[in-house]
Amino acid sequence: GYESSLSECTHKGWGAQRGCDHSQDVGVICSASIPNVQVRLADGVDSLSGRVEVYYNSQWGTICDDEWGFSNSKVICSMLGHGGVIRSYTHGEGSDPIWLDNVNCRGDETSIADCLHEGWAVQDCSHSEDIGVVCSDTQIEFSVRLVGGSTASEGRVELNYNGTWGTVCDDDWDSNDGRVICRMLGFPDVVSISDQAAFGEGSGSIILDEVACNGHEKTIAECSHSGLEINDCGHSEDAGVVCEGITKPQCVTVMEGSSNSVSLNVSWCGTCGVTYIVRYSTSSGTISEPPSGAASVSVTNGNSTLLTELSLGTTYYVWVAAVLVSSGIQGPYSNRVSDTTRSITPRVQGVTVTRGVSGGSPSLTVSWTAVSGSGITYTVRYSTSSGTTT
């Protein structure tokens, strides 16, 4: 219904037809414009809930619950200025007319009149099928975590709603739903999905059921579902995912730092949008794990850092790991690399000599820019002979 041309729609092929004659030619009745309608929630427990009623053609009427989905409720709540949707339900028992049936919204329409439907007052319903919704004043938000997997990138999907962790039912669970979960956690993509509590049964509420994402949503709260904590599942149906994990940083190198400090430059092959933790120590740890107490530096959107304030002539061991900013999940450390700070002190910079008087005698004051680092002493040599420049 959103195609710009009939040729973009699915059909049997140009000139191809099966058993048709002109007695079956179709027709349409078009509207000159999309009507400007109002909506309200009637007979609810508060202003956020009730039977959906539409003001069209100077009369209030209801909407049938046939094919009603979460996206339709999003449009209704948005029209009323509410931030989110909690659930929809069959409210029943409004009064004539029933204005709409088989409504199908994408969820981003500004009015229910923009959604696909059978036509105004075209329906096969009774008022026992009148739809109702429960809206939320604020946008529904979830925290997400993966539980029961062997790595941080896999496990049972758990959502935190109103301060309590719960699970997601596997009804209609597919890779588009898993993709949204993985990206919420900062992983690049989904590898596979699981059902039937493959990562073990959770506990508490089943927060979502019949989730239907298109894969492009920023959060699972934007996806269609049966309503918050509305389900017909048990924890034996808890859904899970395996996400594309965080890879170990590659091509890590350590070399001498700047010429005026005792330092080491650490670089690696990086990825945009990832924070890296650089750990370093004079203790060797293991090939893939720094010792406890190792110093650390955080680098965001970069692939190198300068380690300063080091001790002269000392060997330092370095490990690098990626951290997903959105979830704080850390990947494995790179293999250990090491280097020794220079054994020859870097040339001192910024040397100046000024004349003065000390105790009534002529004097010279020598000053310079200190070298960054520890374990360094300075020797000042002076003579009435010029020596050479260096």
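Participant: Is there a simple way to explain a negative patch on the surface in this structure?
Facilitator: A cluster of acidic side chains, namely Asp 172, Asp 174, Glu 210 and Asp 232, defines a negative patch on the protein surface. As for its position among the elements, Asp 172 is in the loop between β9 (164–168) and α2 (175–184). The exposure class of Asp 172 is exposed, given its relative accessible area of 55%.

Participant: Just to check I follow, could you spell out the pattern of salt bridges for this structure?
Facilitator: Any two side chains of opposite charge can pair, on the condition that their charged atoms come close. Considering all chains together, one arrives at 7 salt bridges under this definition. Between Arg 51 and Glu 53 there is a salt bridge, with its nearest N and O atoms 3.0 Å apart. With respect to burial, Arg 51 and Glu 53 carry one shared label: buried. Where Arg 106 meets Asp 108, a salt bridge forms, and the shortest distance between an N and an O atom there is 3.0 Å. Ionic contacts of the salt-bridge type, sharing partners, join the residues Arg 40, Asp 43, Arg 51 and Glu 53 into one network.

Participant: Explain the state of the cysteines here, please?
Facilitator: One covalent bond between the sulfur atoms of two cysteine residues makes up a disulfide. Throughout the structure, instances matching the rule amount to 7 disulfides. Here Cys 64 pairs with Cys 125 through a disulfide, and the sulfurs are 2.0 Å apart. The sign of the -85° torsion about the S-S bond sets the Cys 64-Cys 125 disulfide as left-handed. Of this pair, Cys 64 sits in the loop between β3 (59–63) and α1 (70–79) while Cys 125 sits in the loop between β5 (98–100) and β6 (131–136); the two residues are 61 residues apart in sequence, bridging distant segments of the chain. The exposure classification of Cys 64 matches that of Cys 125, with both residues buried. As a non-bridged cysteine, Cys 9 has Cys 30 as the owner of its nearest cysteine sulfur, 14 Å distant. The class of Cys 9 is partly exposed, set by a relative accessible area of 25%. Cys 9 supplies the cysteine sulfur nearest to Cys 20, a cysteine that is in no disulfide, at a spacing of 17 Å.

Definitions and cut-offs
- Residues numbered from 1 in each chain as written.
- Predicted model: local features only at pLDDT ≥ 70, side-chain atom pairs only at ≥ 80, totals over all residues.
- Heavy atoms only, no water.
- Patch = residues over 30% accessible without salt bridge, like charges linked within 9 Å, V, L, I, M, F, W, Y side chains within 5 Å.
- Areas by Shrake-Rupley, 256 points an atom, 1.4 Å probe, with all protein chains shown as cover.
- Salt bridge = Lys/Arg side-chain N within 4 Å of Asp/Glu carboxyl O.
- Lys, Arg positive; Asp, Glu negative; His and termini not counted.
- Charge placed at Lys NZ, Arg CZ, Asp CG, Glu CD.
- Helix = DSSP H or I, 4+ residues; strand = E, 2+ residues; numbered from the N terminus.
- Buried < 20%, exposed > 50% of the residue type's maximum accessible area, 1.4 Å probe, protein only.
- Disulfide = S-S within 2.5 Å.

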